[in-house]
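One-letter residues, chain by chain:
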Amino acid sequence: MRHIAIIGSGPAGYYSAEAAQKKFGDEVAVDIIDRLPVPFGLIRSGVAPDHQSIKAVSLRYEKTNLGHNVRFLGNVTVGKDVTIAELQKLYDAVVLATGAPDDRLLEIPGSYLPGVVGSAAFVGWYNGHPDYRHLDPPLDARSVAIIGNGNVALDVARILAKTENEFTGSDIVGHALDRLKQSNVEKITFLGRRGPHQIAMTPKELGELGHLERARPVVDSQDFPDELDDALLEPGMRKSVTHLRNFQIITPEAQQKPIEIIFDFFAMPVEVQGDGKVEKLIVERTALDKYMRSHGTGERYALDCQMVISCIGYRTPPIEGVPYEHGRGRFANSDGRILPGLYCVGWARRGPSGTIGTNRPDSFAIIEVVAEDIGAGGRFEGRAGLDRLLQSRDVDVVTFRDWKKIEAAETTRARAGSPREKFTDIAEMIAARKS
Ligand code: NAP
């Protein structure tokens with residue numbers, strides 16, 4: 001028997017469990033450990049609440065968990081309730097699928113000012129992550145600057161711009177919906193340090209901006225290269241650029257929409273200014289070199305704004321004793337191997353890139369590496385040892401069956417048209433399991 005512990009119950013964790021089931025059949029026991037009492041990581045707390053079709057992938061993870069030999073152990077914090085070293089003494093393989101939940105830092109003067117918010121916090125707030133339930137973003141802001149030209153920036157802008165009606169069918173948490181309904185936002189500016197041909201927004205998601213009830217995208221035709229150059233782009237990027245070009249056409253209907261979502265390309269924020277809170281962002285114009293890297297031109301201007309949301313990527317939090325690549329914000333690894341018996345997968349392995357589905361092949365590849373290293377197993381005690389350890393420490397483990405009760409309670413209390421009203425407090429989640 002092979003014993004595998006997976007830390008993190010997001011997509012990379014569950015795909016790794018599925019891969020282990022498929023690879024080893026009855027000859028494996030997989031424990032998925034998460035610090036939260038609820039599973040699915042980024043699916044629950046990262047994917048936008050109005051993208052329910054993407055969230056449906058959790059049904060696949062559920063099937064994995066209902067299969068033999070896979071357990072979910074929620075409310076167990078690695079580093080507090082059990083250490084990596086202890087897990088390594090109990091399991092043939094310990095796989096870190098901890099994702100990249102921390103913001104890459106916006107290292108410019110003034111970034112500490114109230115009103116500057118990282119995307120991890122803002123996304124966590126509207127998705128009901130317990131760490132960010134008390135965020136209180138300044139939604140009295142009329143002008144919001146969003147730094148970054150990726151899909152997270154797009155999610156954040158769309159959520160800020162939508163009407164209550166457009167959240168029908170979403171699982172945006174009540175506290176966020178209530179605040180967004182009162183929002184004063186009328187201008188949202190994306191600051192991209194490069195141009196339309198370097199945008200990291202994918203076509204389907206970008207296209208949604210053209211169909212919002214009360215907001216319209218605004219681009220400056222001067223930012224675009226010659227249209228013939230679009231032919232040189234790979235197909236996905238070409239589609240994104242086509243959307244951007246189409247945003248130049250402003251219909252009379254779009255003209256009436258009160259919220260502008262402005263694409264400010266070749267724009268690099270250099271300083272946040274304000275008296276005790278954000279009042280303006282100082283931005284420097286950029287130009288690209290022959291390697292398509294951006295450089296400041298020295299030309300600066302001020303963008304009046306009362307909130308800045310930095311969407312410039314994420315980092316994996318380091319774990320004491322686990323080799324880490326500080327520059328890239330992920331575990332130091334070679335094809336997922338960190339140390340003997342210790343592996344990483346997903347964003348914790350390769351950094352924050354790709355869609356949810358990208359984690360599937362990544363996870364299957366890791367399990368091949370694990371299989372090569374551990375052979376038939378048989379040298380470790382596995383879950384019986386972990387259970388004993390957690391019991392001796394009085395850890396209140398939340399099982400998958402418990403989660404199903406929490407989920408049922410969330411479904412029962414959902415507002416009309418919404419699939420669930422998430423609990424945002426850990427104690428509430430744990431209490432709901434007894435309901
Ligand atoms: P991302 O795609 O890497 O985009 C980060 C953006 O931030 C880029 O435009 C980057 O510009 C910019 N940036 C980085 N450092 C900067 C700095 N110091 N100053 C100014 N701008 C800076 O990251 P993400 O948006 O966080 O998304 C993470 C991953 O999740 C991506 O693979 C994304 O596609 C995926 N995702 C997918 C969906 C979906 O499919 N619906 C939704 C959300 C996220 P440069 O290009 O110049 O570096």
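Residues numbered from 1 in each chain as written. Predicted model: local features only at pLDDT ≥ 70, side-chain atom pairs only at ≥ 80, totals over all residues. Heavy atoms only, no water.

Chemist: Whenever I open this one, the overall build of the protein chain confuses me. Can you help?
Modeler: Each helix and strand counted, the protein chain has 16 helices and 19 strands in total. Its C-alpha atoms give the protein chain a radius of gyration of 23 Å, near enough to 22 Å, the size a compact globule of 435 residues would have. Counted over contacts in the protein chain with a minimum sequence separation of 6, partners at least 24 positions apart contribute 74%. Where the 54 positive side-chain charges of the protein chain centre and where its 59 negative ones centre are 3 Å apart. (Helix = DSSP H or I, 4+ residues; strand = E, 2+ residues; numbered from the N terminus. Rg over C-alpha atoms; globule rule 2.2 N^0.38 Å. Contact = heavy atoms within 4.5 Å. Lys, Arg positive; Asp, Glu negative; His and termini not counted. Charge placed at Lys NZ, Arg CZ, Asp CG, Glu CD.)

Chemist: I keep staring at the pattern of salt bridges and nothing clicks. Help me out?
Modeler: Two side chains of opposite charge can pair, provided their charged atoms sit close to one another. For the coordinates displayed, the defined rule picks out 39 salt bridges. Between K55 and D171 there is a salt bridge, with the nearest N and O atoms lying 3.9 Å from each other. Highlighted residues: K55 in helix α3 (residues 52-55) and D171 in the loop between α7 (151-161) and α8 (174-181), separated in sequence by 116 residues. As far as burial versus exposure is concerned, K55 and D171 are alike and both buried. Linking R216 and E260 is a salt bridge whose minimum nitrogen-to-oxygen distance equals 3.1 Å. Separated by 44 residues along the polypeptide, R216 in strand β9 (residues 215-218) and E260 in strand β10 (residues 259-264) bring together distant segments of the chain. (Salt bridge = Lys/Arg side-chain N within 4 Å of Asp/Glu carboxyl O. Buried < 20%, exposed > 50% of the residue type's maximum accessible area, 1.4 Å probe, protein only.)

Chemist: Just checking my understanding: could you explain the pairing of strand β14 (residues 307-310) for this structure?
Modeler: Across a regular strand the side chains alternate sides, sitting on one face of the sheet and then on the other. In β14, alternate side chains face the same way, and those of M307 and I309 on one face and V308 and S310 on the other are all buried. The sheet contact formed by strand β6 (residues 116-118) and β14 spans 3 bridges and is parallel. Within β14, the residue paired with G118 across the bridge is S310. As paired elements, strand β7 (residues 143-147) and β14 share 4 bridges and run parallel to each other. (Pairing = 2+ DSSP bridges.)

Chemist: What should I look at first to understand the site of the ligand in this one?
Modeler: In the neighbourhood of the ligand, 20 residues make up the surrounding shell, with N149, N151, R193, R194 and G354 lying closest. Here E205 contributes a side-chain N or O atom positioned 3.2 Å from a nitrogen atom of the ligand. Compared with its free state, where it exposes 910 Å², the ligand has 78% of that area covered by protein. If you tally residues by element for the shell around the ligand, the top one is α7, at 3 residues. In terms of residue class, the shell around the ligand is built from 8 nonpolar, 7 polar and 5 charged. Three or more residues apiece are contributed to the shell around the ligand by two domains, here domain 1 (2-101 + 316-398) and domain 2 (105-310). (Near = heavy atom within 4 Å. Polar contact = N/O pair within 3.5 Å; in protein donor to acceptor, adjacent residues only side chain to side chain. Areas by Shrake-Rupley, 256 points an atom, 1.4 Å probe, with all protein chains shown as cover. Nonpolar A, V, L, I, M, F, W, Y, C, P; charged D, E, K, R; others polar. Domains from an automatic or database assignment.)

Chemist: Sorry if this is basic, but what is going on with the packing of helix α4 (residues 58-66) against helix α15 (residues 400-412) here?
Modeler: In a pair of packed helices, the angle between the axes and the distance between the axes together describe the arrangement. At their nearest, the axes of α4 and α15 sit 11 Å apart, and the two run at 145 degrees to each other. Across the interface between the two elements, E62, N65 and L66 of α4 pack against F400, K404 and E407 of α15. Looking at the contact of α4 with α15, its residues break down into 2 nonpolar, 1 polar and 3 charged. (Axes fitted to C-alpha atoms, helices over the stretch in contact; angles between N-to-C directions.)

Chemist: Please explain the sheet that holds strand β13 (residues 294-304) as it appears in this structure.
Modeler: Backbone-to-backbone hydrogen bonds pair the strands of a sheet. The strands run either parallel or antiparallel. Read from one edge to the other, the open sheet built from 3 strands follows the order β11-β12-β13, with strand pairing classed as antiparallel. Strand pairing shows two members of the sheet lacking a second neighbour, β11 (267-273) and β13, which therefore form its edges. Across the sheet, the axes of successive neighbouring strands diverge by a mean angle of 25 degrees, strand direction being ignored. Of the pairings in the sheet, the one linking β11 to strand β12 (residues 280-288) comprises 6 bridges and is antiparallel in character. Note on β12: the bridge partner recorded for E271 is I282.

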